[in-house]
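Remarks on the overall topology
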Amino acid sequence: MSTPTFETLLYDVEDGIATITLNRPDRMNAFTARMMKDLIEVFDVTDADDAVKVVIITGAGRAFCAGADLGGGGATFDRTSPQALEREEGKVGDIYRDGGGRVTLRMYDSLKPIIGAINGAAVGVGVTMQLPMDIRLASTEAKFGFVFARRGINPEAASSWFLPRLVGLQTALEWCYTGRVFPASEALEKGLVRSLHAPDELLPAARALAREIADNTAPVSVALTRQLLWRMAGADHPMEAHKADSRAIQSRGSSGDAKEGVTSFLEKRAPVYPNKVSTDVPDIWPEWEQPEFR
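Predicted model, so just to flag it, every value in this text is computed and none were measured.

Things to note about the pattern of salt bridges
Enumeration according to the criterion identifies 14 salt bridges in this entry. Across the pair Asp38 and Arg34 runs a salt bridge, and its minimum N-O distance is 3.1 Å. One end of the pair is Asp38 and the other is Arg34, both in helix H1 (residues 33–48) and four residues apart, which spans about a single turn. Residue Glu186 pairs with Arg180 through a salt bridge whose shortest N-O separation is 2.7 Å. The class of Arg180 is partly exposed, set by a relative accessible area of 24%. One salt-bridge network, held together by shared partners, links Arg24, Arg27 and Asp69.

Regarding the nonpolar core
Core analysis: the biggest nonpolar cluster contains 47 residues, and Leu39, Phe144 and Leu192 have the highest contact counts within it. Looking at this core, the element that brings in the most residues is H1, giving seven residues. Not counting residues within four places of it along the chain, the set of residues in contact with Leu192 comprises Val127, Leu131, Arg136, Phe144, Leu163, Val167, Trp175, Phe182 and Ala187. One finds Ile17, Leu202, Ala205 and Leu209 within the second-largest nonpolar core, a separate group that totals 13 residues.

Observations concerning the packing of aromatic side chains
Tallied over the full model, the rule gives 12 aromatic pairs. Seen in terms of ring centroids, Phe146 and Trp175 are 5.8 Å apart; in terms of plane orientation they differ by 10°. Their pairing is stacked. In this pair, Phe146 is assigned in the loop between strand E10 (143–145) and helix H4 (159–167) and Trp175 in helix H5 (residues 169–178), connecting sequence segments 29 residues apart. Overall, the relative accessible area of 0% leaves Trp175 in the buried class. Members of the aromatic cluster, connected to one another through ring pairs, are Tyr108, Trp161, Phe162 and Trp230. In this structure, Arg231 is placed above the aromatic ring of Trp285, and the distance from its NZ or CZ to the ring centre is 4.8 Å.

Observations regarding the sheet that holds strand E1 (residues 9–14)
Read across the sheet, six strands follow the order E1-E2-E3-E7-E9-E12 without closing on themselves; strand pairing throughout is mixed. Edge positions in the open sheet fall to E1 and strand E12 (195–197), since each of these has one partner strand only. This sheet shows a mean twist of 20° between the axes of neighbouring strands, independent of strand direction. Pairing between strand E9 (residues 135–139) and E12: three bridges, direction parallel. Residue pairing in the sheet places Ala138 in a bridge with Leu196 of E12. Where H1 meets the sheet, it contacts E1, strand E2 (17–22), strand E3 (54–59) and strand E7 (114–118), and its direction lies at approximately 15° from that of E1.

Quick look at the domain arrangement of the chain
Each domain of the chain was delimited in the assignment, giving domain 1 (7–212) and domain 2 (217–293). For domain 1 and domain 2, the distance between their C-alpha centroids amounts to 27 Å. Of all residues in domain 1, Asp50, Tyr108 and Leu111 bury the most surface against domain 2, accounting for 38% of the area lost on that side. At the boundary of domain 1 with domain 2, the tally comes to one salt bridge. Arg226 is paired through a salt bridge with Asp134; the nearest N and O atoms lie 2.9 Å apart. On inspection of domain 1 and its partner domain 2, the count reaches 10 residue pairs in polar contact (both at pLDDT 80 or more). With three residues, H4 is the largest single contributor of residues to the side of domain 1 that touches domain 2.

Quick notes on the rules
- Residues numbered from 1 in each chain as written.
- Predicted model: local features only at pLDDT ≥ 70, side-chain atom pairs only at ≥ 80, totals over all residues.
- Heavy atoms only, no water.
- Salt bridge = Lys/Arg side-chain N within 4 Å of Asp/Glu carboxyl O.
- Helix = DSSP H or I, 4+ residues; strand = E, 2+ residues; numbered from the N terminus.
- Buried < 20%, exposed > 50% of the residue type's maximum accessible area, 1.4 Å probe, protein only.
- Core = buried A, V, L, I, M, F, W, Y, C linked by side-chain atoms within 4.5 Å.
- Contact = heavy atoms within 4.5 Å.
- Phe/Tyr/Trp six-rings, centres within 6.5 Å; stacked < 30°, edge-to-face > 60°.
- Lys NZ or Arg CZ within 6 Å of the ring centre and 35° of its normal.
- Pairing = 2+ DSSP bridges.
- Axes fitted to C-alpha atoms, helices over the stretch in contact; angles between N-to-C directions.
- Domains from an automatic or database assignment.
- Buried area = accessible area lost by both parts, 1.4 Å probe.
- Polar contact = N/O pair within 3.5 Å; in protein donor to acceptor, adjacent residues only side chain to side chain.

Okay, here's the thing in structure tokens:
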């Protein structure tokens, strides 16, 4: 596939790892309607490209993402203002869909694992967009803040669903009630991030983790695993997981990937999995219906 270009992102694929870099460093990578559209599109690209096994997201410059671009002043969050016109395509009835939520819902549906390399300040949507990433690594210089109540608005990007599942309800409420900015050490302690790294060691650590996934695991199995764990986070009974597991293991057990996985293990060599995400992910959700925004 040819390498796509984006107005607000840098995109690169090397040896199975796609790196997405939020690229508005002069504005601390502040989130805009254009960035929303670019992020949704780039995950369409990574899902469709079988050369991509893992996705890393980071930021250019000293910030990961400083939240919504406040260039509109007091009207920044007013959906009736002229700057909201770019969001018209997301309007349903008389409601403008939240742009951060459109991004996180697209990440939730990703067929490829997502690793966040949080290199600097991440506040507002800059932190809520991280929540559907599968694993987050942070620089020791990163800082985080769910600052919405301090701006007179509320948490968005479906973070009221994601955040308590990651850090527990008490921590989620404290962070959102106070709106305070907290250091990377607290994010690690509370489970928001997996590990801290010196700034120049962050991307190498993220790539090492991505490399472990890309070199050793079957992409179709990883895609199914991602669906199983994320979708079952909201299931009302383990039977839902059992039904999906059973369909998946029946399909995967007779696949070329399973044969290669066992054979390569017995032969003590690196696996070469034949199945592709673009064509070979089985449907293990016959009753699943994508929820609609109404």
